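# Structural characterization, general
The chain contents come next:
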Amino acid sequence: MEKQKISIIIPCYSEEEAIPICYNALIKEVILRLSEVNFEIIFIDDGSKDETLKVIKNLSEKDSRIKYLSFSRNFGKEAAIYAGLNHATGDYVAIMDVDLQDPPELLILMYETLLTDEYDCVATRRTTRQGEPFIRSFFAKAFYRFINKISQTDIVEGARDFRLMKRPMVEAILKVGEYNRFSKGIFEWVGFNTKWIEFENVERVAGITKWSFWELFLYSLEGIISFSTAPLAIASVTGFIFFVLSFLAIVVIIIREMMWHGSAFGWPSLVCIIFFIGGIQLFCIGILGQYMARTYLETKKRPIYIVKEHN
Ligand code: UDP
Ligand code: MG
């Protein structure tokens, strides 16, 4: 039988320290142990500001299994994942962080699980968020609760991008060519049988996290807007409720005025109400704007990433 091939996609953004550590771990803990399989490691240099590309190039000269793509600027991890999937040639494709927060040895278990033919994909979720700031975990939990209430696509709490997929699933994901990408949602949206395995949070081996709180906040908005139109409905329902309330209030005031003359008083209360309603209107227009902006970006059909260099 012909040897199967596993492609491992590793997005890297300014990770010069972590790359060699990650490479060595992969060799030692996965590639040497799975001798019956061919490997291909695809490093995506996502417009790094340090020597990442140089480090990758050096490695690729020594090891022909290493492929790399270097973006013309930072396009974000989602774009890097998409580029990797686009260029992967394996029968199985894995996505993994470079900082070893995704334990590489799990790949063996994932591969063995897929061999049984029961599943198309093995994905991972972390059960703890140890070592992460409290406030970050708090908002992450709130995000998962909220998005699962309003979206038909199930977003698994604590899900990592770390997963191994069979070729048909990869092809399906590549067909989802949207510009505003929220992979955690896309992986679920395409369907297929997924087995979830759990592990405890591991802290990164070197370097620092590339996500600020604000970026994570914007990313969560991306998830909500990409996978649910419920906020639009919330906006119209709010509008309707206020319409009914104000109508009732007008009726009450008219009746009161007819019974006790001069009962419509108080401009402060009026100003408060105007501000209140004005705020809600702006909020709802804002929600509309978010969807419009996404539609606008999608219609431009800009490429998801631009490659400057590759081997
Ligand atoms: N990453 C990327 N582009 C970015 C940000 C991050 O390719 O714009 C990569 C990064 O190099 C790492 C992975 O995505 O391999 C996860 O990033 P990080 O460890 O900073 O995120 P965290 O684990 O803190 O959520
Ligand atoms: Mg990390």
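Residues numbered from 1 in each chain as written. Chains lettered and ligands numbered in written order. Predicted model: local features only at pLDDT ≥ 70, side-chain atom pairs only at ≥ 80, totals over all residues. Heavy atoms only, no water.

### What about helix 6 (residues 167-175)?
- Those residues of helix 6 lying buried are M169, V170, A172, I173 and L174.
- Along its buried surface, helix 6 packs onto helix 3 (77-87), strand 4 (92-95), strand 5 (121-126), strand 6 (159-166) and helix 7 (183-189). (Buried < 20%, exposed > 50% of the residue type's maximum accessible area, 1.4 Å probe, protein only. Helix = DSSP H or I, 4+ residues; strand = E, 2+ residues; numbered from the N terminus. Contact = heavy atoms within 4.5 Å.)

### Quick notes on the site of ligand 1
- Surrounding ligand 1, one finds 16 residues, the nearest of these being E15, D46, D99, Q101 and T209.
- At a separation of 2.6 Å, an oxygen atom of ligand 1 approaches a polar side-chain atom of D99.
- Residues of the shell around ligand 1, tallied by class, amount to five nonpolar, four polar and seven charged. (Near = heavy atom within 4 Å. Polar contact = N/O pair within 3.5 Å; in protein donor to acceptor, adjacent residues only side chain to side chain. Nonpolar A, V, L, I, M, F, W, Y, C, P; charged D, E, K, R; others polar.)

### Re unusual backbone geometry
- Its identity is not glycine, yet L100 carries a phi of approximately 60°, on the positive side.
- For L100, the location among the structural elements is in the loop between strand 4 and helix 4 (106-115).
- Even without being a glycine, F192 presents a positive backbone phi close to 70°.
- Within the secondary structure, F192 sits in the loop between helix 7 and strand 7 (194-199).

### A short note on the coordination of the magnesium ion (ligand 2)
- Protein-derived coordination of the magnesium ion (ligand 2) comes from D99 (OD) and Q101 (OE1), at a distance range of 1.9 Å. Of the two residues, D99 and Q101, both sit in the buried class. (Donors = N, O, S within 2.8 Å, 3.2 Å for Na, K, Ca; no water.)

### Details of the pattern of salt bridges
- Under the counting rule described, the total for this entry stands at 16 salt bridges.
- Of the charged contacts in the structure, one is a salt bridge between R160 and D102, with a shortest N-O distance of 2.9 Å. In this pair, R160 is assigned in strand 6 and D102 in the loop between strand 4 and helix 4, connecting sequence segments 58 residues apart. Exposure class is identical for R160 and D102. Each is buried.
- As a salt-bridge pair, E171 and R167 come within 2.7 Å of each other at their nearest N and O atoms. (Salt bridge = Lys/Arg side-chain N within 4 Å of Asp/Glu carboxyl O.)

Geometric descriptors of this kind do not, in isolation, establish any biological role.
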